[in-house]
Amino acid sequence: MKAWLGSGEGGGLLELADARVSVLDRGFTVGDGLFETMKLVEGRVFLWPWHLERLQQAAQLLRLPIPEGNLLTDVVQQVAVANGAAIGSLGRLRLTVTAGPDQGAATVSCVALVEQPPFGAAALTLVGWPRNERSPLVAVKSTSYAENLLALQAARAGGAAEAVFFNTRDELAEGATSNLFIVEDGVVVTPPTSAGLLPGVTRRFVLGLAAADLSMVEEPISRARLAAADEVFLTSSLQDVRAVGSVGDRSYPLGPVTSLVQDRFARAASASWCWC
Ligand code: PLP
């Protein structure tokens, strides 16, 4: 596999094993960085412009000096094309931008990895501490990701696929690596960003599928409302729209609305690939 690594003006494609970052890099020392995980299929990247937009907004918030112009698009394109054949039917393209060494330029890296497609409905466990919806980091895909990993590790240790965060008001926030949707009487409901969640590009894409026969609203969701839902599904770049089979002790069927959203997603997605 080929990786892209650089800082400032310099950088280029390298063998993955040769791509090394300084121990002084602030991404390494204090987690001062951002990343994007994208779906890569046969050299094409899904929804790249939206990933770029989110990264740029987050960089402003963190005052991270990300490269201007087309550099990031060139980097992603080069890595997608260089690894397209080796990746095959499903891969993960990961772009990381860190603050670099003190007073240095940002470090940019991009790698491609083979990914296994998700299998079946996801079982979800409940996280035992709240998501802080007032944290400035909640809407940012920061390399300070340990809280999500801790929740995910606990879920996986119990045989589940994902963990569910509630916020300090005890409303549904999001999964450790996904956004969540419920279905009530045929209407799709997802928490608003004020509930404390990463505004996922897949969530944005799904909300754009709203139509006369597919109502979608953003509303706070209490625990009781989640428990009473007819269907639950999650969204993320690597899982697309995935049915949720259970949250804690409560089981959910794979219902007709989730199947409809999956169908609409698959049809609409074909127009949103880059090489991009
Ligand atoms: N929420 C969190 C905390 C995430 O880490 C992710 C993705 O990894 C998502 C939601 C889903 O975002 P996206 O659809 O952009 O992949």
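Residues numbered from 1 in each chain as written. Predicted model: local features only at pLDDT ≥ 70, side-chain atom pairs only at ≥ 80, totals over all residues. Heavy atoms only, no water.

Colleague: Quick question: what am I supposed to make of the layout of surface pockets here?
Modeller: Gaps between atoms show up when a probe of the same size as a water molecule is rolled over them. Roughly 1,000 Å³ of volume is contained in the largest pocket. Taken together, 44 residues line the largest pocket, and the ones lying closest to its centre are Lys141, Tyr145, Ala176, Thr177 and Ser178. Listed by contribution, the elements that provide at least two residues to the lining of the largest pocket are strand S3 (33-41), strand S5 (91-98), helix H4 (146-157), strand S9 (172-175), helix H5 (201-207) and strand S13 (231-236). Examining the composition of the lining of the largest pocket, we find that six residues originate from one element, H4, more than from any other. Along the lines of polarity and charge, the residues of the lining of the largest pocket split into 16 nonpolar, 18 polar and 10 charged. Each of two domains, domain 1 (2-114) and domain 2 (122-269), supplies a minimum of three residues to the lining of the largest pocket. (1 Å grid on protein atoms, 1.4 Å probe; cavity = no way out; pocket = protein on both sides within 12 Å on 5 of 7 lines; lining within 4 Å. Points joined across faces, edges and corners; volume = space filled by probe spheres on them. Helix = DSSP H or I, 4+ residues; strand = E, 2+ residues; numbered from the N terminus. Nonpolar A, V, L, I, M, F, W, Y, C, P; charged D, E, K, R; others polar. Domains from an automatic or database assignment.)

Colleague: Would you explain the domain arrangement of the protein chain in this entry?
Modeller: One widely used convention gives an interface's size as the accessible area the parts lose upon coming together. Here the protein chain is described as being made up of domain 1 (2-114) and domain 2 (122-269). The interface is formed by 23 residues belonging to domain 1 together with 19 residues belonging to domain 2. Around 1,800 Å² of area is buried between domain 1 and domain 2 when both sides are counted, 66% of it from carbon and sulfur atoms. Its largest share of buried area at the contact with domain 2, domain 1 owes to Phe35, Trp50 and Arg54, together 36% of the area lost on that side. The tally of links between domain 1 and domain 2 comes to two salt bridges. For Arg204, the salt bridge goes to Glu53, with nearest N and O atoms at 3.2 Å. (Contact = heavy atoms within 4.5 Å. Buried area = accessible area lost by both parts, 1.4 Å probe. Salt bridge = Lys/Arg side-chain N within 4 Å of Asp/Glu carboxyl O.)

Colleague: Any chance you could explain the sheet that holds strand S6 (residues 107-114) here in plain terms?
Modeller: Paired through backbone hydrogen bonds, the strands of a sheet run either parallel or antiparallel to each other. Taken together, seven strands build an open sheet; the order of strands is S2-S1-S6-S5-S3-S4-S16 and the sheet is antiparallel. Every interior strand has two partners, whereas the edge strands, strand S2 (10-15) and strand S16 (273-274), have only one. With two bridges joining them, S3 and strand S4 (residues 44-46) adopt antiparallel strand pairing. Bridge assignment links Val41 to a residue of S4, and that residue is Arg44. Relative to the sheet, helix H2 (residues 48-62) contacts S3, S4, S5 and S16, its axis offset from that of S3 by approximately 175 degrees. (Pairing = 2+ DSSP bridges. Axes fitted to C-alpha atoms, helices over the stretch in contact; angles between N-to-C directions.)

Colleague: Sorry if this is basic, but what is going on with the nonpolar core here?
Modeller: If you look at soluble globular proteins, the nonpolar side chains tend to sit buried side by side. Val45, Trp48, Leu72, Leu93, Leu95, Val97 and Cys110 are the most contacted members of the largest nonpolar core, which has 28 residues in total. Within the residue set of this core, elements represented by two or more residues are S3, H2, helix H3 (71-87), S5 and S6. Considering every element that reaches this core, the biggest residue donor is H3, with six residues. Aside from chain neighbours lying at most four places away, what touches Leu95 is Leu34, Phe35, Glu36, Met38, Trp48, Leu55, Leu72, Val75, Val76, Val108, Ser109 and Cys110. Among the nonpolar cores identified, the runner-up in size contains 17 residues, and Phe46, Leu47, Phe205 and Ala269 belong to it. (Core = buried A, V, L, I, M, F, W, Y, C linked by side-chain atoms within 4.5 Å. Buried < 20%, exposed > 50% of the residue type's maximum accessible area, 1.4 Å probe, protein only.)

Colleague: Even after reading the chapter, I still don't get the site of the ligand, so can you show me in this structure?
Modeller: Around the ligand sit 16 residues in total, of which Lys141, Tyr145, Glu174, Thr202 and Ser237 are the nearest. At 2.9 Å from an oxygen atom of the ligand is found a main-chain nitrogen or oxygen belonging to Val201. Expressed as a share of its isolated accessible area of 390 Å², the protein-covered part of the ligand is 94%. According to the grid-proximity analysis, the pocket containing the ligand is the largest pocket. Elements supplying a minimum of two residues to the shell around the ligand: S9 and H5. Considered class by class, the residues forming the shell around the ligand number four nonpolar, nine polar and three charged. (Near = heavy atom within 4 Å. Polar contact = N/O pair within 3.5 Å; in protein donor to acceptor, adjacent residues only side chain to side chain. Areas by Shrake-Rupley, 256 points an atom, 1.4 Å probe, with all protein chains shown as cover. Sits in = over half its atoms within 2 Å of the grid points.)

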